[in-house]
Amino acid sequence: MTLLILNGPNLNLLGTREPGTYGTASLDTIEADLDDSFPSVTFSFDQSNGEGALIDRLHAAHDAGRDGVVFNPGGYTHTSVALRDAVAGIDPPVVEVHLSNVHAREDFRRTSRIAPACVGQISGFGATGYHLGVRALREHNAG
Ligand code: DQA
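Now for a quick tour of the structure. (Residues numbered from 1 in each chain as written. Predicted model: local features only at pLDDT ≥ 70, side-chain atom pairs only at ≥ 80, totals over all residues. Heavy atoms only, no water.)

### Considering the overall build of the chain
Where we set the bar: What counts as a helix is a DSSP run of H or I of at least four residues, what counts as a strand is a run of E of at least two, and both are numbered from the N terminus. Our radius of gyration looks at C-alpha atoms and nothing else; its globule reference is 2.2 Å times the residue count to the power 0.38. Here the term buried applies to any residue with accessible area under 20% of the maximum for its type, exposed to any over 50%, and partly exposed to those in between, with areas from a 1.4 Å probe on protein chains only. Here a residue-residue contact requires only that any non-hydrogen atoms of the pair lie within 4.5 Å. For the purpose of charge, His is not counted, nor are the chain termini; Lys and Arg are scored as positive and Asp and Glu as negative. The atom standing in for a charge is NZ when the residue is Lys, CZ when it is Arg, CG when it is Asp and CD when it is Glu.
When helices and strands are counted, the chain shows 5 helices and 5 strands. Starting at the N terminus and ending at the C terminus, the chain contains elements arranged as β-α-α-β-α-β-α-β-β-α. Taken over the C-alpha trace, the chain has a radius of gyration of 14 Å; the compact-globule value for 143 residues is 15 Å, and the two agree within 12%. Each principal axis of the C-alpha atoms in the chain carries an extent, and together these give about 35 × 35 × 25 Å. Buried residues in the chain amount to 44% of all 143 residues. Partitioning the intrachain contacts of the chain with sequence separation of at least 6 by distance along the chain shows that 75% fall at a separation of at least 24. Here the chain contributes 10 positive and 17 negative side-chain charges, whose respective centroids are spaced 6 Å apart.

### Comments concerning the site of the ligand
The following threshold applies: Whether a residue is near a molecule or strand depends on its heavy atoms: it is near if one of them lies within 4 Å of it. Two N or O atoms count as a polar contact when they lie within 3.5 Å, although within protein this holds only if one can serve as hydrogen donor and the other as acceptor, and sequence-adjacent residues are included solely when both atoms are side-chain atoms. Note on areas: Shrake-Rupley with a 1.4 Å probe; residue coverage comes only from the protein chains shown. Think of a 1 Å grid over just the protein atoms. A cavity is a set of points where a 1.4 Å probe fits yet cannot get out, a pocket is an open set with protein on both sides within 12 Å along at least five of seven lines, and lining residues have an atom within 4 Å of a point. A molecule is said to be in a cavity or pocket once over half of its atoms fall within 2 Å of that pocket's grid points. Classification used: nonpolar for Ala, Val, Leu, Ile, Met, Phe, Trp, Tyr, Cys and Pro, charged for Asp, Glu, Lys and Arg, polar for all others including Gly.
Residues in close proximity to the ligand include Arg17, Tyr22, Asn72, Gly74, Gly75, His78, His98, Leu99, Ser100, Val102 and Arg109, which together make up its full environment. Asn72 is positioned such that a nitrogen or oxygen atom in its side chain is 2.8 Å from an oxygen atom of the ligand. Separating an oxygen atom of the ligand from a backbone N or O atom of Gly75 is a distance of 3.2 Å. Relative to its unbound accessible area of 320 Å², the ligand is 97% covered by the protein chains. Among the cavities detected, the one that contains the ligand is the largest pocket. When its residues are assigned to classes, the shell around the ligand shows 3 nonpolar, 6 polar and 2 charged.

### Thoughts on the packing of helix α3 (residues 51-63) against helix α4 (residues 81-89)
We count it as follows: A fitted line through C-alpha atoms serves as each axis, taken over the contacting stretch for helices, and the angle formed by two N-to-C directions is quoted from 0 to 180°. With respect to orientation, any angle under 35 degrees is reported as roughly parallel, any angle over 145 as roughly antiparallel, any angle of 65 to 115 as roughly perpendicular, and every other angle as oblique.
Relative to each other, α3 and α4 sit at 5°, their axes nearing to 9 Å. When the interaxial angle is binned, α3 and α4 end up roughly parallel. On the side of α3, the interface is formed by Glu51, Leu54, Ile55, Leu58 and His59, while α4 contributes Ala82, Leu83, Ala86 and Val87. Tallied by class, the residues present in the contact of α3 with α4 amount to 7 nonpolar, 1 polar and 1 charged.

### Section: the pairing of strand β3 (residues 68-72)
Test applied: Two strands are said to pair when DSSP picks up at least two bridges between them.
With 5 of 5 residues buried, β3 lies mostly within the body of the structure. Judged by which residues are buried, β3 turns out to be covered on both faces: Gly68, Val70 and Asn72 on one side and Val69 and Phe71 on the other are all buried. Relative to β3, strand β1 (residues 2-7) runs parallel, the two being bridged by 5 bridges. The partner of Leu4 across the bridge, within β3, is Val69.

### Quick look at unusual backbone geometry
One non-glycine residue, Asn10, adopts positive backbone phi at about 75°. Positionally, Asn10 belongs in the loop between β1 and α1 (19-22). Among the residues examined, Asn10 registers a relative accessible area of 37% and is labelled partly exposed. Phi at Glu18 is positive, roughly 35°, even though this residue is not glycine. On the secondary structure map, Glu18 appears in the loop between β1 and α1.

### So, the pattern of salt bridges
As a reminder of what qualifies: Any carboxyl oxygen of Asp or Glu that lies within 4 Å of a side-chain nitrogen of Lys or Arg is treated as forming a salt bridge with it.
On inspection of all chains with the given rule, the structure shows 4 salt bridges. Between Asp46 and Arg57 there is a salt bridge, with its nearest N and O atoms 2.8 Å apart. Of this pair, Asp46 sits in strand β2 (residues 42-47) while Arg57 sits in helix α3, placing them 11 residues apart in sequence. Classification of Asp46 by relative accessible area gives partly exposed; the value is 24%. Where Arg109 meets Glu106, a salt bridge forms, and the shortest distance between an N and an O atom there is 2.6 Å. For Arg109, a relative accessible area of 17% corresponds to the buried category. Several salt bridges converge on common partners, so that one network encompasses Arg105, Glu106 and Arg109.

Okay, structure coming up:
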């Protein structure tokens with residue numbers, strides 16, 4: 001199984017960014033941990049702060065025939081019609097992941113424009129959410 005783990009804006013700052021909300025693990029650590037935890041999965045990891053670049057990465061995941069995408073769209077979750085359209089327009093199933101529980105925070109974080117185009121959303125379990133996303137895609141694809 002080949003999966004893309006895709007992270008959006010400001011997630012390159014994990015480890016130092018608002019650690020009380022997002023934890024102390026860096027994105028590099030989270031990615032290395034996924035590699036260690038799922039030796040039978042071939043991961044590609046990507047992060048961008050740009051909406052267009054994230055759309056390109058989703059299209060590339062489709063073109064490469066990836067089996068799924070675990071996607072944390074960061075702040076674009078709540079605003080981006082274009083990212084939702086990209087998720088809706090590709091074949092690989094996408095799981096939306098958030099480190100924090102977006103439903104327990106400010107009102108504007110309670111709405112995801114992207115989740116309706118995904119197979120599901122995982123929110124509030126910190127870095128474990130990425131692991132749950134991988135497991136969810138494995139079950140979904142076996143389905
Ligand atoms: C986030 C939640 C978003 O609301 C926020 O803008 C982020 C991180 C999360 O992982 O909890 O950048 O996606």
